[in-house]
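# Inside the fold
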Amino acid sequence: MKAILFDRFGGTEVLHEADIEVPQPGPGQVRVRVEAAGVNALDGKIRSGALQAIFPTPLPAIPGHEVAGVVDALGEGVQNVNVGDEVLGWSDTGSYAQYALATTLATKPAGLDWQHAVALPVAGETAERTLNLLGVTAGETVLIHGAAGAVGTLAVQLATARGARVIGTAGAANQEYLASLGATTTLYGEGLVERVRTLAPDGVDAVLDLAGKGALEDSITLRGGTERIVTIADFRAHQLGITFSTAQERSAARLAALAEDAGNGKIVTVVTAYPLAQAATAQQVSDAGHVRGKLVLTLD
């Protein structure tokens, strides 16, 4: 099968296409014929070697944690999944490939296409987990840094659905986009504290940092301390007394509910797609930041 590999750590130039053997599912696993794979900022950080101490990666490696496609084979003991089922979920073996193995999957609704389906697993789990950590409830105001990306797109909608008011930061090009999701928008960067205080004179109840890049200092100022601030993007969090949140338990049931909401239009996802052969280009875009919605790879 065709797959994107990296044999050494480095920039996107280390990614290359290779022909390798089709993986065989082990107990509890299924093999998925991949239709779309998600591209995440984490993919680039693992590829660079920057996270080797946290996420040890044997080489050669196939990038990618999200997969959407058709079940192709079943491992021993697999129940409630059949060959031919259309699914989405988390890849066990890397998803930048024609075939991937997976353990945690949800059925893809008929009204949800492959590209938008694969936008949900990581971003959906992250958005829900962080909003739960923050305890966001109706009537509160939550500030979301970097709200136009894949996680932010869902976090804005999920927080709004809880009855919270969302102030979302993004670049000038994404202000209208964020407003369409239900957020009160503002630019990131110098003067942010004053802009947010103008928009929320009674203060913000919680802050979710999806951007990094120095947003935590402004968050502490706006909150008057470190309580109810969560980041997934700034590794200085612990030094500042702030919660850094990483992936938790993967829930097929919750993913299925998110997929159902996306399929019937209750949740909006926005994607930019590249063919598998252009995986390096997609990661370059991801590494540069300021992505609107989700980057995905498509397979023929």
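The structure this text deals with has already been given above.
As a starting point, this report considers the structure included with it. Here the structure is a predicted model, which is why all the values come from computation and not from measurement. (Residues numbered from 1 in each chain as written. Predicted model: local features only at pLDDT ≥ 70, side-chain atom pairs only at ≥ 80, totals over all residues. Heavy atoms only, no water.)

Applying the stated criterion across every chain yields a total of 1 cavity of 30 Å³ or more. Looking at the largest cavity, its volume works out to about 40 Å³. As for the largest cavity, its lining consists of Ala119, Ala150, Thr153, Leu154, Thr269, Val270, Gly293 and Lys294. Here the lining of the largest cavity takes 3 residues from helix 4 (residues 150-161), the largest share from any one element. Residue classes in the lining of the largest cavity are distributed as 4 nonpolar, 3 polar and 1 charged. (1 Å grid on protein atoms, 1.4 Å probe; cavity = no way out; pocket = protein on both sides within 12 Å on 5 of 7 lines; lining within 4 Å. Points joined across faces, edges and corners; volume = space filled by probe spheres on them. Helix = DSSP H or I, 4+ residues; strand = E, 2+ residues; numbered from the N terminus. Nonpolar A, V, L, I, M, F, W, Y, C, P; charged D, E, K, R; others polar.)

Before going further, it helps to examine the pairing of strand 9 (residues 184-187). Within a regular strand, side chains alternate between the sheet's two faces. Bridge count for strand 8 (residues 165-170) against strand 9 is 4 bridges, and the pairing is parallel. From the neighbouring strand, alanine 170 faces strand 9, where its bridge partner is leucine 187. What joins strand 8 to strand 9 is helix 5 (residues 175-181), and the crossover it makes is right-handed. (Pairing = 2+ DSSP bridges. Right-handed = clockwise from strand over helix to strand, strands pointing away.)

A word on the layout of surface pockets. Space inside the second largest pocket adds up to approximately 320 Å³. In this structure, the second largest pocket is lined by 18 residues; those nearest its centre are Ile46, Thr57, Ile62, Gly64 and His65. Of the residues assigned to the lining of the second largest pocket, the class counts are 9 nonpolar, 6 polar and 3 charged.

This part covers the packing of aromatic side chains. Under the criterion given, the structure shown has 2 aromatic pairs. Centroid distance phenylalanine 6 to phenylalanine 9: 6.1 Å. Interplanar angle 50°. Geometry classified as tilted. Since its relative accessible area comes to 28%, phenylalanine 9 is described here as partly exposed. Arranged with centres 5.0 Å apart and planes meeting at 25°, the rings of phenylalanine 235 and phenylalanine 244 form a pair that is stacked. What makes phenylalanine 244 buried here is its relative accessible area of 17%. (Phe/Tyr/Trp six-rings, centres within 6.5 Å; stacked < 30°, edge-to-face > 60°. Buried < 20%, exposed > 50% of the residue type's maximum accessible area, 1.4 Å probe, protein only.)

Strands sit in the order 9-8-7-10-11-12 across an open sheet of 6 strands; the sheet is parallel. In the strand order of this sheet, the two ends are held by strand 9 and strand 12 (243-244), each with one partner. With 4 bridges connecting them, strand 7 (residues 141-145) and strand 8 associate as parallel partners. Within the sheet, the bridge partner assigned to valine 142 lies in strand 8 and is valine 166. Of the strands in this sheet, strand 7, strand 8 and strand 9 touch helix 6 (residues 192-199), which is tilted by about 160° from strand 9. (Contact = heavy atoms within 4.5 Å. Axes fitted to C-alpha atoms, helices over the stretch in contact; angles between N-to-C directions.)

The interhelical angle for the contact between helix 3 (residues 121-134) and helix 4, taken along N-to-C directions, is 50°, at an axis separation of 8 Å. With respect to each other, helix 3 and helix 4 are oriented oblique. In terms of crossing hand, the pair formed by helix 3 and helix 4 is right-handed. Residues Ala123, Gly124, Thr126, Ala127, Glu128 and Leu131 of helix 3 form the contact with helix 4, whose participating residues are Ala150, Val151, Leu154, Ala155, Leu158 and Ala159. Among the residues making up the contact of helix 3 with helix 4, the classes are represented as 9 nonpolar, 2 polar and 1 charged. (Parallel < 35°, antiparallel > 145°, perpendicular 65-115°, else oblique. Left-handed = near helix turned anticlockwise from the far one by under 90°.)

With that out of the way, let us pick up the environment of leucine 178. Position of leucine 178 among the secondary structure elements: in helix 5. Judged by relative accessible area, which is 0%, leucine 178 ranks as buried. Leaving out residues up to four positions away in the same chain, leucine 178 has contacts with Ala147, Ala148, Val156, Gly168, Thr169, Ala170, Ala183 and Thr185.

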